[in-house]
Amino acid sequence: MPYPSPIFAVLVLLCFSRALLPGAEEKTAAELAAAADTFAKSYEKNWLSDYTKRVTGFAEEIAELYSLDEVAKKTLIEAASPLGRAITEHWMKLYRGYYAPHLKLWGEDTYWDDYLPLCLSPEAIAGQRELFAQWESMLKAQLKPQHYALWQAEMKTRREWRVRARDAAVKIQLDNIAKSVRQDFDKQLAELASLLQFKSERIAVLKPAVDAAVQAHVASRRPAAEQMAKWCDEEFFRYATKSLTAWEKEGKMGSIMNQPAADKAASLVFDAALKKLLTPAEAAQMHELVTAKKQRINKAAKSLAESLLDGMPSRGGWRVAADTDILAAELGLDSARQAKITAHFKEADKAIIATWLKATESYLIQRINERMARSGNSDDLLKQIEAGRYGFGTSTDDDEVAVKAKDEAWATALKTTLTTDEILRWETLQKEQAEANSQLLAHIAVAELDRKLLLLTEQRDKLEVLAIAAAKTLAPDTASLQEFLRNYGASYSAALIHGMDAKAVDAILDKEQSKSLIEIKARYDGYWSSMQRLKGKKR
Amino acid sequence: MNLNALALFFLVGTALLAADDPSLPAATGTERTQNVISAQLSIILSEARETQMKPMQRTIGDITRATHLAEDRLKLLHIAAHGAVDDNIKPMRERLLKDAEARIKGLPPNAVVNVLKGMRDRYGSTSATKQPLWIESVKSLLTSEELAQWQRVVRERNAYRSRAYAELLILHVRKEAGLSPEQTQKMRPLLEKATSDYLPDLSMWSGGDDGDMYSGYLYALILGAPEKEVRAVLTPAQWDKWRASAGEGGEIWSSIQSAHERRLKEESLNP
C-alpha cells in the first residue's frame, strides 16, 4: 500500500522485507545445500512431479483427438513418458543450483517472483526448448503424417489463443491493480484532509500526484507481469493443454508480484508532491501526528501481544507443571529432581516468551497498519483496537518457532536431569502413549460416525479396525491431539474417515448408510488436512 | 425444491396475488393478512415436518438393520413416524401462531411474510422419537425379541461412545492433575461411569443428537465422578487440579445435572 509519508513508507518496507526476518541469517555451505535439497524435493513433490502426468495426458489427448487405436495410443504414451521424467530432471537440476544462493538471501520462504528469474534464465529456456524439440520429434515419429500436420495446425491455434488470453490477463490484472492503488490513495487523501483540516481545494492539488503515483506503481509492476507472460509462453507443457478461459475473462494467471518495490515507487512520487504542498509548519505538524499515531499503534500491539500470550497455541499444550508431574509419576522421580526439571524449563520459558512477544508485536504492528490502511486510517478504528475490542490472531510462523524452542528446552531439561536409562524409558512411554492416542482418536472417530450412521455392533467392530489403521499413520502426541480436539471439537475426529480405506468402508455399510456417509465426508472434508498435520508431531 | 415445497410456495404466491387481484371480491385487510399467514404457516410446518422426518427415517433404518423387519411392519413403522412428527408439530403450530400474532399486528401482507420467514428456524428442533405414539407403535409393531435386539444395539452403541469419551477424559485429567499410572487405573471406572451417566445430557450443548460435540463442555463430565471416591485417590493438590481441569465445562455442570434429573424422571414415566 502506498503511504503519504516517508515514515510510513519505511515502516511498510520493513514489514515486507523478508531479508530482515529471522531465518535470513548466514548459513554454512552444508546447511544451504541441505536446505536447497529439501526445498527442491518439496517442489518436486508439489509442483514438478506432475510433468510425467501432463506429458502422458497430452499424449492421451492426441490419441483421443485422432481416434488412435489402443496399440497406437499405448505406444504413444510409452514414448512420451520418459520425456516427462526428463523435464522433471531438467527443473530439479536448475532448482538445486538456484536455491542455495537464494536461500542465503531470503531464508526458507520463497515466492513466485523469487523463482521467476530462474524460469526465464537462459539455461532454463534452452533446456525447455530442447525438450520441446524432443517432444516434436517423438510425435513426428509416432503419428501418421496427416495427424502430425493436423496437430501442428491445432498447436498454432492454441498458441494464438494463449497469446490472446495471456495479454488479456496481464491487462486485466494491471487495471485491477491500478484501481486498487487509486482507492488507497483516495483514502490517504481523505485522511490527510481530516488530519490537517485542509479545505478540499487545497487537497485537490494532490490529485495529479495520485495519477502519477498510480502510474509509477503500475510501471514498476509491468515488467513482472511481462516476465510472467513470457514464462507462460515458454512453459509449453504446462499451458498448452490448459483451458485459458479464466485468463481471458478474469485475468487469473497468477498474481503479479513486485508489490513492495511498486509501493516504494508510488510513495516517492506522492511524497514529493506532498512536500511541495505542505508548509514547514504543516510538515512538522504532520510528522508529529504520524509519530504519535505510530506510538499508539506500537503500544496497542504490545498490549495485544500480551493478551494473546495465554491463547498462544503452543502454550495451550505447554503446561510445565502438568508435564513434569506426569514425568515424575511415570519415572518415579523425587521432588528435588522434578523441581530441577521445572526450574530449567521455566528459565527457558522466559526467553521463549520474550522472543515470541517481540515477534508477535512486529506482526501485529503490520496487521494493524494493514487494517488501518483499509479503513482509511480511521481514528475510531484505532481507538477500538486500543480498547481491545478488535481481534487479531497470531502469526503461525512465530508460534511454530516458539513450539520448536519449547521442544528443545524440554529435551535439554530432560537430558540434564535424567539418566540415560530414564530417558530411554520416557521415550518408550511416549511411543506407547502415541499408540494409545491413535486408539483414542480412532474410538472417538468411530463413536462420532456411529452417532450419525447408526451402526450395528459388527459394523462398528469392522469400522474400528479401519479407523485404528488410519489413526496409527498419524500417531499423534498427547498435546497435539488435545489441541486438535480443543480447536475443532471432539466431533471433528470423524474427519478420520478420509484416512480410512474407502472401499473397505463401503463394504461395511448398507446402501442407506453409504448415502449418509457422502454427506458426512463432505462435512468434515476440510478438517482432514488439519488432522494430517498431527502426523509426526512431537511435543 | 421438492413438489411439496413448490406447491406451498405457489400457495403463498397465490395468496399474495389474490390480495391485489381486482377481479376477485375485495378481501378485507384482516382477511388478506390471514391468507398470507395460513400459506406461510403451511410452508414453515412442511419444512419442520421434513426436518423432523430425517432422524425418524434414520431410526427406522437402525431398527431394520437390527431386526430385519418385514416389509409390511416397516410400512406401518413409517406411518407411525409420520404420525409422531405430526403430533410433535401440533404444539409448535400453536406456539408459532401465538408468537406470530404479537409480531405481525398491523403489518401489511408482504411484511408479514418476511416476519414469518424469519421465525422459521426457531421451531421444531425437538425429536419426535419421544412422542407416545412413536414409543407405543415401536412396542406394538416389534416382537419382544426384536425390541430387545434393537435396544441391545442402541445400548451397545451408547456404551461404546461412553467408553470412547471416558478415554478422552482420562487422557485429559491424567495430564492436568498429573496422575500416576496407578491413580489413572483407579480413576478409569469412575470416569467411565460419569460419561455413561451424563453424556446423553450433553446433547443440549452439542446441537442435538446429530450435532457437533465441543470438547470444552465435554470436560464438564469430569465433575460427574463421585467426589468422595475421587478424593480418596488424589492428593489435595491433585484434587484442586482435577476440579480445575473441567475448565469452562464447570460453568454448565449444574445445568447438566438438572437435565440429567429431568431425563431420569421422564424415563421412569416411560420405561
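What you are looking at is a predicted structure, and each value in this text was computed from that prediction instead of being measured. (Residues numbered from 1 in each chain as written. Chains lettered and ligands numbered in written order. Predicted model: local features only at pLDDT ≥ 70, side-chain atom pairs only at ≥ 80, totals over all residues.)

Peer 1: It is not clear to me how the environment of B:Leu107 should be interpreted in this structure. Could you clarify?
Peer 2: Residues and elements named next belong to chain B. Residue position: Leu107 is located in the loop between α3 (71-104) and α4 (109-118). Remark: the alpha-carbon pair of Leu107 and Thr33, spanning 74 residues in sequence, is separated by 8.4 Å. Dropping the residues within four chain positions of it, Leu107 is found in contact with Val112 and Val115. (Helix = DSSP H or I, 4+ residues; strand = E, 2+ residues; numbered from the N terminus. Contact = placed C-beta atoms within 7 Å.)

Peer 1: I'm lost on the interface of chain A and chain B in this one. Help?
Peer 2: Every contact between the two is made by 26 residues of chain A and, on the other side, 28 residues of chain B. By residue number, the principal contributor to the side of chain A that touches chain B is helix α19 (residues 420-453) of chain A, which donates 7 residues. The residue makeup of the side of chain A that touches chain B, split by class, is 11 nonpolar, 6 polar and 9 charged. (Nonpolar A, V, L, I, M, F, W, Y, C, P; charged D, E, K, R; others polar.)

Peer 1: Teacher, can you tell me more about the confidence of the model for chain B here?
Peer 2: Low-confidence regions, as indicated by low pLDDT, have predicted coordinates that should not be scrutinised in detail. All names here are of chain B. For chain B, per-residue confidence averages 81 on the pLDDT scale, and residues scoring 70 or more make up 83% of the total. Predicted confidence in chain B is weakest over helix α1 (residues 3-20), with a mean pLDDT of 42, and strongest over helix α9 (residues 227-233), with 94. A low-confidence stretch, residues 1-25 stays under pLDDT 50, and its non-local contacts, those more than four residues away or across chains, total 23 contacts. Interface scoring of the predicted complex returns ipTM 0.81; its pTM is 0.57. (pLDDT = per-residue confidence, 0-100.)

Peer 1: What exactly am I supposed to notice about the nonpolar core here?
Peer 2: Soluble globular proteins: nonpolar side chains tend toward being buried together. Core analysis: the largest hydrophobic core is formed by 60 residues, its most contacted members being A:Ala445, A:Ala467, A:Leu496, B:Leu169, B:Leu218, B:Leu221 and B:Ile222. When residues of this core are assigned to their parent elements, the largest contribution, 9 residues, is made by α19(A). Those residues in contact with B:Leu221 that lie beyond four places of it in its chain are B:Leu169, B:Ala194, B:Thr195, B:Tyr198 and B:Leu199. If you look at the next biggest cluster of nonpolar residues, it comprises 27 residues, including B:Ala66, B:Leu77, B:Leu96 and B:Val153. (Core = buried A, V, L, I, M, F, W, Y, C linked by C-beta atoms within 7 Å. Buried ≥ 20, exposed ≤ 12 C-beta atoms within 10 Å, placed from the backbone.)

Peer 1: What am I meant to see in helix α10 (residues 236-244) of chain B here?
Peer 2: Within an α-helix, residues lying three or four positions from one another point in the same direction, as the helix has 3.6 residues per turn. All names here are of chain B. Gln238, Lys241 and Trp242 are the residues of α10 that are buried. Looking down the long axis of α10, one finds its buried residues gathered within 105 degrees of arc, a one-sided arrangement. Looking at α10, the residues exposed on the side facing more than 90 degrees away from the buried face are Pro236, Ala237, Asp240 and Ala244. In this fold, the buried residues of α10 make contact with α6 (144-177) and α9. (Arc of directions from axis to C-beta.)

Peer 1: Could you clarify how one ought to interpret the packing of helix α7 (residues 145-196) of chain A against helix α9 (residues 207-234) of chain A in this entry?
Peer 2: For any two helices packed against each other, one specifies the inter-axial angle together with the distance between the axes. Residue and element names in this part refer to chain A. Packing of α7 against α9 brings their axes to within 9 Å, and their N-to-C directions diverge by 155 degrees. As far as their axial angle goes, α9 and α7 are roughly antiparallel. In the crossing of α7 with α9, the sense of the turn from one axis to the other is right-handed. Contacts from Arg166, Val170, Gln173, Leu174, Ile177, Ala178, Val181, Arg182, Phe185 and Leu189 in α7 reach Val210, Ala213, Val214, His217, Val218, Arg221, Arg222, Ala225, Ala229 and Cys232 in α9. (Axes fitted to C-alpha atoms, helices over the stretch in contact; angles between N-to-C directions. Parallel < 35°, antiparallel > 145°, perpendicular 65-115°, else oblique. Left-handed = near helix turned anticlockwise from the far one by under 90°.)

Peer 1: Hey, could you run me through unusual backbone geometry in this one?
Peer 2: All names here are of chain A. You will see that Ser67, though not glycine, has its phi angle at about 50 degrees, which is positive. Along the chain, Ser67 falls in the loop between α3 (51-65) and α4 (70-106). The backbone phi angle of Ala475 is positive, close to 35 degrees, even though this residue is not glycine. Looking at the element boundaries, Ala475 is found in the loop between α20 (457-472) and α21 (478-488).

Peer 1: What is the right way to read the confidence of the model for chain A from this model?
Peer 2: Residues and elements named next belong to chain A. Of all residues in chain A, 80% have pLDDT values of 70 or greater, and the mean over the chain is 79. Here helix α1 (residues 6-16) is the element of chain A with the lowest mean pLDDT, 30, and α20 is the one with the highest, 95. Predicted confidence is poor over residues 104-110, with pLDDT under 50, and the contacts of this stretch with residues over four places away or in other chains come to 18 contacts.

Peer 1: Looking at this model, I keep getting lost on the environment of A:Lys276. Mind explaining?
Peer 2: All names here are of chain A. Positionally, Lys276 belongs in helix α12 (residues 259-277). Take Lys276: there are 10 C-beta atoms within 10 Å of it, and that puts it in the exposed class. Separated by 70 residues in the primary sequence, Lys276 and Leu206 have C-alpha atoms spaced 9.8 Å apart.

Peer 1: For this particular structure, what's the right way to read the environment of B:Pro200?
Peer 2: For B:Pro200, the location among the structural elements is in the loop between α7 (181-198) and α8 (215-218). Sequence separation between B:Pro200 and B:Ala259 is 59 residues, and the spatial gap between their C-alpha atoms is 9.3 Å.

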